[in-house]
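Coordinate inspection notes
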Amino acid sequence: MVWKGSVATFSGLRVLADRALGNERKEAIAIVGDGHGALHSLRLKLQTTLSDLGEEGYRLKVDRSGVTISARKAAGVFYGLQTLRQLESVEHGRITVPCVDIADKPRFAWRGNMLDVSRHFFPKKDIEHFLDLLSQYKINTFHWHLVDDGGWRLQIRKYPKLTEVGAWRLPSDGTFPEYSGLTFPGAGESQKQYGGFYTQEDAREIVRYAASRHINIVPEIEMPGHNLAATMSYPWLICDPKLQPGFLKAEGFVFPNIFCAGKESTFKFVEDVLDEVMAIFPSRVIHIGGDEVDKYLWERCDDCKATMKREHLANSAQLESYFVRRVEKYVNAHGRHIIGWDEILEGGLAPNAYVMSWRGEAGGIEASKQHHFVVMTPWDQCYFDHSNLELPIDVILGYDPAPPSRGKEMARFVMGAQASIWTETLPDRRHIEDRLFPRILAMSEILWTNRRESTASFLDRLDRHLPTLYSNAPGLHLPAPRADLQVVAPGTGFNWHYPNIRGFTLRYTTDGSLPDHLSKPVPEPMIATSGERITAALVGDKGRRGDTGSVSAWDMEPVVADSISPGLRYRLYAGYFRTVPDFASLTSIQDGTTGQIKLMGDLKEHFALEFDGYLVINHPGRYTFLCGSDDGSVVWLGGLKMLDNDGSHGMLFRSVTLDLKAGAYPLKLGYFQQTEGAGLSFEVSGPGMPRQPVPPPMLYH
Ligand code: ACM
Ligand code: ZN
């Protein structure tokens, strides 16, 4: 087969690869143009002898005679094509690819993304759009969260009400009022309903679409909890169908969104549904949910209590375990495995279950100790519904789902990890793009490669790729421009690193305001005068603005500090703060010295802390400081507001890189805690110093 076209018309190439290699053919050749009339050959080869490349590995050779991609399996050829495309650059209309000889294969077999389509519904074309992009970054598993309180999204022929009723809710309070016998008090029936679902044919088409991009779809049919949409459709699924939703118990509201674990009718329903699900989805693994089951109703249900007695179950956790084991038996009998959220460990793990670790990593560690397969999606590192500020790229790049230090069991049983996106606050494609791109590229990086490159290397590569990604996913999150240093000597020139996206200009302000389309474009090099703080961001023709980066021009000089003593002074203040206060006007309730910047005193809420003294530098060089706080913090060094992490928020880190001479610099750190979670850390890395909390030998007063 010979095919003519440009490498840039990549979808054509993919079709070629599928057609050529799908029909038992072992080799296909395409002739590709470089846009300037020159033709090169592109050879795709299947070679069973390439056993060291595994199921998904490939070899990519580019030389003057053309491109050859060889692999054991079509998936490998597909990934070789993705790499080829990422190597392409277009200069003066000419497509070029560097000469390379790459042998490459993934570290992890489960490189995933979960999308919750229950809280918000995403039509088939959106799902295909995401799948197409995910596959380009070698993501091979799409975990499709089809069922939850917010809506049942998959047509089940035997239970039509699941989608006639359960796919349509009132947006205001999430109820399904018109059809079920159950209503929330005050549900307004006149309001427009929200929803949607996939027909079985839609789902089959999506499965085929994914398969042609080497993505396996793992359907999640959540049970026994998180099932308001199903129980509103068929109230006999709950322990007591007469229960009104939202009645009060001592600990809060009860939602009858849990299937009764004591009625055979529940198991019949679950098995019928799974029959239809397994007929649509060829996945070896079926997700059965299992998280956040409130056992309040089970503990008060005669049927559940009778089952516990009959099965000798000591408590309701064991009743959940019984439920999961029964479902597992059914799924195993059909040649499939179950995977469940890490709560399924609690009453004893079903014999063959895989575990998806989300409440941190503990569930995954425990399951691997018990020799069960694990997928990691700890919420701190992998929940992509968290904003780009809350979960920045460097945190993802720093994540290792199975670090060697955790031992052989993790290495053996952790299949991989996934980025999970819950959609309570994400109503449409644009919002998902903002959360998914470009962060999924970082997730792909840690799941595919063993090599740990620096964050700076990743961001530089990302800058080059972002224009392409933007053209495919215009809702993507626009990262902040980066300067090598965030504090520069006045009068010295510096440059920003940023992606050259068509329609966007890097603009800046010096008055603390956010750059907009009227702000000046950034010159190269940029020169700032003393005391100026430059704020820069990509600003689009249509007024869109990316994240901001800032650089201060400041003479950072050590001061004469005679007779200094170890430790910083600290003062604790009580009060209702919403930003880091002006401490001069306040009276402290406690003070002392400390060798470490951390939370001090016994207050849990409504307080502020002030640390001051000197930062002592013994080895001149380039230092990076990171301040993490929940809620806000601000750091001043040498009279400059060096880090601004102010405001009421969860744990957020800010960093600054600057050159420091040897000597002492006045240091001040302000922090406040409003309510709920509290946390404070101040870390440093520098010459010969790996990242660590700023150590006592650097802190004086
Ligand atoms: C979960 O986030 N409840 C799995
Ligand atoms: Zn019950």
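Heads up: the structure comes first, above all this text.
Residues numbered from 1 in each chain as written. Chains lettered and ligands numbered in written order. Predicted model: local features only at pLDDT ≥ 70, side-chain atom pairs only at ≥ 80, totals over all residues. Heavy atoms only, no water.

**Some words on the overall build of the protein chain**
What counts, and what does not: Where helices and strands are cited, they refer to DSSP runs of H or I of at least four residues and of E of at least two residues respectively, numbered from the N terminus. Each radius of gyration is computed over the set of C-alpha atoms, and the globule rule expresses the reference value as 2.2 Å times the number of residues to the power 0.38. Only the protein chains shown count as covering a residue, and every accessible area follows the Shrake-Rupley method with a 1.4 Å probe. By the counting rule applied here, Lys and Arg register as positive and Asp and Glu as negative, while His and the ends of each chain are not counted. Charged groups are reduced to one reference atom each: NZ for lysine, CZ for arginine, CG for aspartic acid, CD for glutamic acid.
Along the protein chain, the regular secondary structure elements total 16 helices and 42 strands. Scaling as 2.2 N^0.38, a compact globule of 701 residues should have a C-alpha radius of gyration of about 27 Å, and the protein chain matches this with 28 Å. The C-alpha extent of the protein chain, read off along each of the three principal axes, is 80 × 75 × 55 Å. Working note: accessible area of the protein chain is about 29900 Å², and carbon and sulfur atoms make up 51% of it. With 76 positive and 85 negative side-chain charges, the protein chain shows a separation of 6 Å between the mean positions of the two kinds.

**Let's talk about the pattern of salt bridges**
To keep it simple, the criterion reads: For this document, the term salt bridge refers to a Lys or Arg side-chain nitrogen within 4 Å of an Asp or Glu carboxyl oxygen. Each residue is placed in one exposure class: buried if its accessible area under a 1.4 Å probe, protein chains only, is under 20% of its type's maximum, exposed if it is over 50%, and partly exposed if it falls in between.
Evaluated as defined, the whole model comprises 35 salt bridges. Where E55 meets R72, a salt bridge forms, and the shortest distance between an N and an O atom there is 3.8 Å. One end of the pair, E55, is in the loop between β3 (39-46) and β4 (58-63); the other, R72, is in the loop between β5 (66-71) and α2 (74-87), and 17 residues separate them in sequence. On the basis of relative accessibility, which here comes to 46%, the residue E55 falls in the partly exposed class.

**Some words on unusual backbone geometry**
Along the chain, M223 connects to P224 via a cis peptide bond; the corresponding omega equals -5°. By secondary structure assignment, the location of P224 is in the loop between β15 (216-223) and α6 (228-233). Along the chain, E524 connects to P525 via a cis peptide bond; the corresponding omega equals -10°. Tracing the sequence through the fold places P525 in the loop between β28 (520-521) and β29 (526-527). Phi at H214 takes a positive value of approximately 60°, unusual for a residue other than glycine. Considering the arrangement of structural elements, one finds H214 in the loop between α5 (200-211) and β15. Overall, H214 belongs to the partly exposed group, its relative accessible area being 22%.

**Quick notes on the coordination of the zinc ion (ligand 2)**
The following threshold applies: Think of the donor list as every N, O and S atom within 2.8 Å of the metal, or within 3.2 Å for Na, K and Ca; water never makes the list, so a site can look incomplete. Here a site with four donors is tetrahedral if all angles are between 85 and 135 degrees, and a site with four or six donors is square planar or octahedral if opposite donors are over 155 degrees apart and the other angles are between 65 and 115; anything else gets the irregular label.
Only C239 (SG), C260 (SG), C301 (SG) and C304 (SG) from the protein reach the zinc ion (ligand 2) as donors, at distances of 2.2 to 2.4 Å. Coordination geometry of the zinc ion (ligand 2): the 4 donor atoms subtend angles of 104 to 115° at the metal centre, consistent with an arrangement described as tetrahedral. Along the chain, the residues that donate to the zinc ion (ligand 2) are spaced as C-x20-C-x40-C-x2-C. Linking C260 in the loop between β17 (252-254) and α7 (264-280) with C304 in helix α8 (residues 302-310), this pair joins segments that are 44 residues apart in sequence. The same class applies to C260 as to C304, namely buried.

**As for the pairing of strand β35 (residues 621-630)**
The criterion, for reference: For two strands to count as paired, DSSP must find a minimum of two bridges between them.
The element β35 is extensively covered by neighbouring structure, given that 8 of its 10 residues are classed as buried. One ladder, built from 9 bridges, connects β35 with strand β38 (residues 652-660); its direction is antiparallel. In the sheet register, S629 faces β38, and the bridge partner there is L652. As defined by bridge partners, β35 adjoins strand β40 (residues 679-686) across 7 bridges and the pair is classed as antiparallel. Within β40, the position partnered with L626 by the bridge is E683.

**A short note on the sheet that holds strand β24 (residues 487-488)**
The 5 strands lie next to each other as β24-β31-β30-β27-β28, forming an open sheet whose pairing is mixed. Two strands close off the open sheet at either side, each with one partner strand: β24 and β28. Of the pairings in the sheet, the one linking strand β27 (residues 504-509) to β28 comprises 2 bridges and is antiparallel in character. If you follow R507 over to β28, its bridge partner there is P521.

**Let's talk about the environment of G679**
Short version of the rule: In this description, contact between two residues means that some pair of their heavy atoms is separated by no more than 4.5 Å.
With respect to the secondary-structure elements, G679 resides in strand β40. Expressed as a C-alpha distance, the spacing of G679 and S51, which sit 628 residues apart in the sequence, is 49 Å. Contact partners of G679, with chain neighbours within four places excluded, come to L599, G628, S629, D630, M651 and Y671.

**A closer look at the nonpolar core**
The test is simple: What makes a nonpolar core is a set of buried Ala, Val, Leu, Ile, Met, Phe, Trp, Tyr and Cys residues whose side-chain atoms join them at distances within 4.5 Å.
In this structure, I127, W144, W152, F269, F281, I440 and W496 are the most contacted members of the largest nonpolar core, which totals 124 residues. Look past the residues within four positions of I440 in its chain and what remains in contact with it is G112, N113, L134, I139, F384 and A419. Residues M556, L609, L640 and V656 belong to the second largest nonpolar core, which totals 34 residues.

**Describing the sheet that holds strand β41 (residues 689-693)**
Test applied: To obtain each axis, a line is fitted to C-alpha atoms, and for helices this fit is confined to the stretch in contact; angles are then taken between N-to-C directions over 0 to 180 degrees.
One open sheet holds the 4 strands; their spatial order is β38-β35-β40-β41, and the pairing between them is antiparallel. The strands lining the two open edges of the sheet, one partner per strand, are β38 and β41. Taken pair by pair, the neighbouring strands of this sheet meet at an average axis angle of 15°, ignoring direction.

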